[in-house]
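So the chains spell out like this:
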Amino acid sequence: MIRRAYGASTWHLLGHLVLFGVVAYVLVQMVGRRGGVNFVVWLTAGAVLHDAVLLPAYAAVDAVLRRAFGPAVNWVRVPLAISGLLALLFFPLILANGDANFVRAAGHHAGGGFARAWLLISLGLLCGAALTAAGARRWPRRSR
Amino acid sequence: VRRPPGPFAPAWWRSPLRGPWLTSVLGSLLLVAMVIVAVTGFASHAAYEPELGHNAIVARGRDFQPLVFDWPTQPAWLYALNQGLHVIVGLAAVPLLLFKLWSVIPRLFAWPPVRSPAMAVERLALLALVGSAFFQLATGVVNVELWYPFHFDFVVAHYYGAWIFVSALVVHVAVKLPVVVRAYRDRGELRGGLPEPPDPDGLAPIAPDPPTLSRRGLFALAGGAMLSVAAVTAGQSIGGRLRRIAVLAPRGGGTRFPVNKTAAAVRVTQDMVGDAWRLELRGPRPASLARDALLALPLHTEDLPIACVEGWSTTQRWTGVRLADLGRLCGASTGALCLVESLQPKGRFRQVTLSAGQVADERTLLALRVNGADLPLDHGYPARMIIPAAPGVHCTKWVSRLTFAAT
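Our subject in this report is the structure included herewith. (Residues numbered from 1 in each chain as written. Chains lettered and ligands numbered in written order. Predicted model: local features only at pLDDT ≥ 70, side-chain atom pairs only at ≥ 80, totals over all residues. Heavy atoms only, no water.)

Notes on the overall build of chain B
Helix and strand counts for chain B come out as ten helices and ten strands. Over its C-alpha atoms, taken along the principal directions, chain B stretches across nearly 85 × 45 × 35 Å. Expressed as a percentage of the 407 residues in chain B, the buried residues total 54%. Considering only contacts in chain B between residues 6 or more positions apart, those separated by 24 or more positions represent 69%. Accessible area for chain B stands at about 17300 Å²; split by element, carbon and sulfur atoms hold 62% of it. (Helix = DSSP H or I, 4+ residues; strand = E, 2+ residues; numbered from the N terminus. Buried < 20%, exposed > 50% of the residue type's maximum accessible area, 1.4 Å probe, protein only. Contact = heavy atoms within 4.5 Å. Areas by Shrake-Rupley, 256 points an atom, 1.4 Å probe, with all protein chains shown as cover.)

Examining the side chain of Thr-262 of chain B
Among the secondary structure elements, Thr-262 of chain B is positioned in the loop between helix H7 (242–245) and strand S1 (279–282). Judged by relative accessible area, which is 6%, Thr-262 of chain B ranks as buried. At 2.5 Å, the side chain of Thr-262 of chain B and the backbone oxygen of Arg-104 of chain A are in polar contact. Not counting chain neighbours up to four residues away, the residues in contact with Thr-262 of chain B comprise Val-103, Arg-104, Ala-105, Ala-106 and Gly-107 of chain A together with Asp-378 and Trp-398 of chain B. (Polar contact = N/O pair within 3.5 Å; in protein donor to acceptor, adjacent residues only side chain to side chain.)

Regarding the interface of chain B and chain A
Opposite the 67 residues of chain B that make contact, chain A presents 59 residues. Summing the contributions of chain B and of chain A, the shared interface buries around 5500 Å²; its carbon and sulfur component is 75%. Broken down residue by residue, the surface that chain B buries against chain A is led by Glu-145, Trp-147 and Leu-248 of chain B, which jointly contribute 12%. Inspection of the region where chain B meets chain A yields zero salt bridges. Inspection of the chain B/chain A interface yields eleven residue pairs in polar contact (both at pLDDT 80 or more). Those elements that provide at least two residues to the side of chain B that touches chain A are helix H2 (78–108), helix H3 (117–144), helix H4 (154–190) and helix H5 (215–231) of chain B. Residue contributions to the side of chain B that touches chain A peak at 17 residues, all from H3 of chain B. Here the side of chain B that touches chain A is composed, by residue class, of 47 nonpolar, 13 polar and seven charged. (Buried area = accessible area lost by both parts, 1.4 Å probe. Salt bridge = Lys/Arg side-chain N within 4 Å of Asp/Glu carboxyl O. Nonpolar A, V, L, I, M, F, W, Y, C, P; charged D, E, K, R; others polar.)

A few points about helix H5 (residues 99–106) of chain A
Residues and elements named next belong to chain A. For H5, the full list of buried residues reads Asp-99, Phe-102, Ala-105 and Ala-106. Relative to the axis of H5, the buried residues are bounded by an arc of 130 degrees and lie together on one face. Taken together, the buried residues of H5 touch helix H4 (74–94) and helix H6 (113–138). Looking one or two residues beyond H5, the residue adopting positive phi is Gly-107, at roughly 85 degrees. (Arc of directions from axis to C-beta.)

What to know about the environment of Thr-40 of chain B
Residue and element names in this part refer to chain B. Assignment of secondary structure puts Thr-40 in helix H1 (residues 20–47). Once the C-alpha coordinates of Thr-40 and Gln-344 are considered, the two residues, 304 residues apart in sequence, prove to be 30 Å apart. Look past the residues within four positions of Thr-40 in its chain and what remains in contact with it is Asn-82, Gln-83, Leu-85 and His-86. Among the polar contacts listed, one links the side chain of Thr-40 to the side chain of His-86, at a separation of 3.1 Å.

What about the pairing of strand S7 (residues 365–370) of chain B?
Residue and element names in this part refer to chain B. Buried residues dominate S7, accounting for five of its six residues. Bridge analysis of strand S4 (residues 313–322) against S7 gives five bridges, and the strand direction is antiparallel. Looking across to S7, one finds that Thr-319 is bridged to Arg-369. Inspection of the sheet shows S7 paired to strand S9 (residues 384–386) by three bridges, in the antiparallel sense. If you follow Leu-366 over to S9, its bridge partner there is Met-385. With two bridges connecting them, S7 and strand S8 (residues 373–374) associate as antiparallel partners. Directly across from Arg-369, in S8, lies its bridge partner Asp-374. Hairpin remark: S7 followed by S8, antiparallel, with two residues in the connecting loop; positive phi at Asn-371, about 50 degrees. (Pairing = 2+ DSSP bridges.)

Examining the pattern of salt bridges
Tallied over the entire structure, the rule returns 15 salt bridges over all chains. Overlapping salt bridges bring together Glu-280, Arg-282, Glu-341 and Arg-401 of chain B as one network.

Digging into the packing of H4 of chain A against H5 of chain B
Two quantities define a packed helix pair, namely the angle between the helix axes and the distance between the axes. At a minimum axis separation of 10 Å, H4 of chain A and H5 of chain B run at an interaxial angle of 40 degrees. As far as their axial angle goes, H5 of chain B and H4 of chain A are oblique. The handedness of the crossing between H4 of chain A and H5 of chain B is right-handed. Every residue of H5 of chain B that contacts H4 of chain A at Val-78, Ala-81, Ile-82, Leu-85, Leu-86 and Leu-89 of chain A is listed here: Leu-221, Gly-224, Ala-225, Ser-228 and Val-229 of chain B. Across the contact of H4 of chain A with H5 of chain B, the residue classes tally to nine nonpolar, two polar and no charged. (Axes fitted to C-alpha atoms, helices over the stretch in contact; angles between N-to-C directions. Parallel < 35°, antiparallel > 145°, perpendicular 65-115°, else oblique. Left-handed = near helix turned anticlockwise from the far one by under 90°.)

With respect to the packing of aromatic side chains
Counted by the stated rule, this structure contains 23 aromatic pairs over all chains. Arranged with centres 5.8 Å apart and planes meeting at 80 degrees, the rings of Phe-91 of chain A and Trp-147 of chain B form a pair that is edge-to-face. Here Phe-91 of chain A is found in helix H4, whereas its partner Trp-147 of chain B is found in the loop between H3 and H4 on a different chain. Residue class for Trp-147 of chain B comes out partly exposed when judged on its relative accessible area of 23%. Their ring planes at 35 degrees and their centres at 5.9 Å tell us that Phe-69 of chain B and Trp-71 of chain B sit as a pair that is tilted. Pairwise contacts between aromatic rings join Tyr-25 of chain A together with Phe-42, Phe-64, Tyr-159, Tyr-160 and Trp-163 of chain B into one cluster. (Phe/Tyr/Trp six-rings, centres within 6.5 Å; stacked < 30°, edge-to-face > 60°.)

All we've got here are geometric facts, nothing functional implied.
The following block contains the structure:
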């Protein structure tokens, strides 16, 4: 009966009702507080930004790389992917967004050390991949 | 049914790697990481001993805390390990989450978007799951990087966000378990070939491109990305030589003995800690002790870590008076709790209530010196608490008063 009208089992419905109960409880706890609306925005923004911006953006970059480098694409794709991931995770440090808090809390500036480290890692990955690719072309592996 | 063009057309998705088996493996690996992050997260909530005094940050009784227990003081590195895992695994899980979502993106464009009430409910639950996953990771990441671009209280929001995430994850795993089991069972028939055969969920491509990356290559990239993130951060928790390569860890790299909050940040000045400073002991026999009087008491030296909720930790050699000795001095009974108050005029952690176990542990010190020298002002001069296995912010700096009481 439930399966026909609803499209899944009673347990499916009950489980989801509990989940929505938890979400509702959390929203009630948060919305009345300072930054409550901001909380709701942040809670949904990540999913929207990922699906609408981040994924299409890196898929487009990847398509360009595939066209430009053909069968050698992985030598470029892998270092760029890791460099991009580090940028995504650590851009607040790299751009020193929290510098004022660093000074207050830690007693020193966030500093250019993070930007330099990220640049050096990225260059190192790209150069390492380029050298390995050149080596692989110069001394091809014998097929067994 | 007429489908709109573009991503809604099944032939739009051409990667030969996508398929239910790939998604199942990525999902299983991500699940392991998320269980570690969730368990350590709720354990950290317990480590703050929210049931004592004014320790609770998330209002007590409204926090659903599943793990109610007296946080131990043994082993001393317990909280350092807990938070190291929470932060490093959380950071390293980001590439896994991105790969997992990449593998299921065709599902977002399923047509018709809703076939039944159950499917509508499931899609709403997925918004809660993916939304809260990014919420937890994004707020956690910017918080450890000391950047606060949001208006809400981080601790409260990250805690309630975890409740949405864990609930949504449990439901998701229950709903998808049969699909995962089927994918693992059918794997035997795949024999490693690409692509996976078309599946009812539309993950595997119906018009695949020739592969530019093997499935093994994709796992190597995901693993390499996770290892890279761990390599440039884990040193701030593990220490030793790894600290040198932790070049993107907020408190890694140069500093071996980071400061969490400077004296200036919480408005503690040199005048407040001069010769006029006294430690006030409250108990059955109240007392007031100058720093020289404290130094004349039996002193003990312990190697103990300061372990921050943000994931960094540092072990130093502390010298000071046992908290239990100070309790006995003012006549406190065994089993007493201790309210520790700081000179610092503002801030959430200007006071903390320590549990009976923390007070009784012989390694819990009111530290006066560190590494053989007087405490620097930023590390809590004239006296600070150091408690084995406690969160760093409970090791109160610039202590002014200790109140021993049975409850």
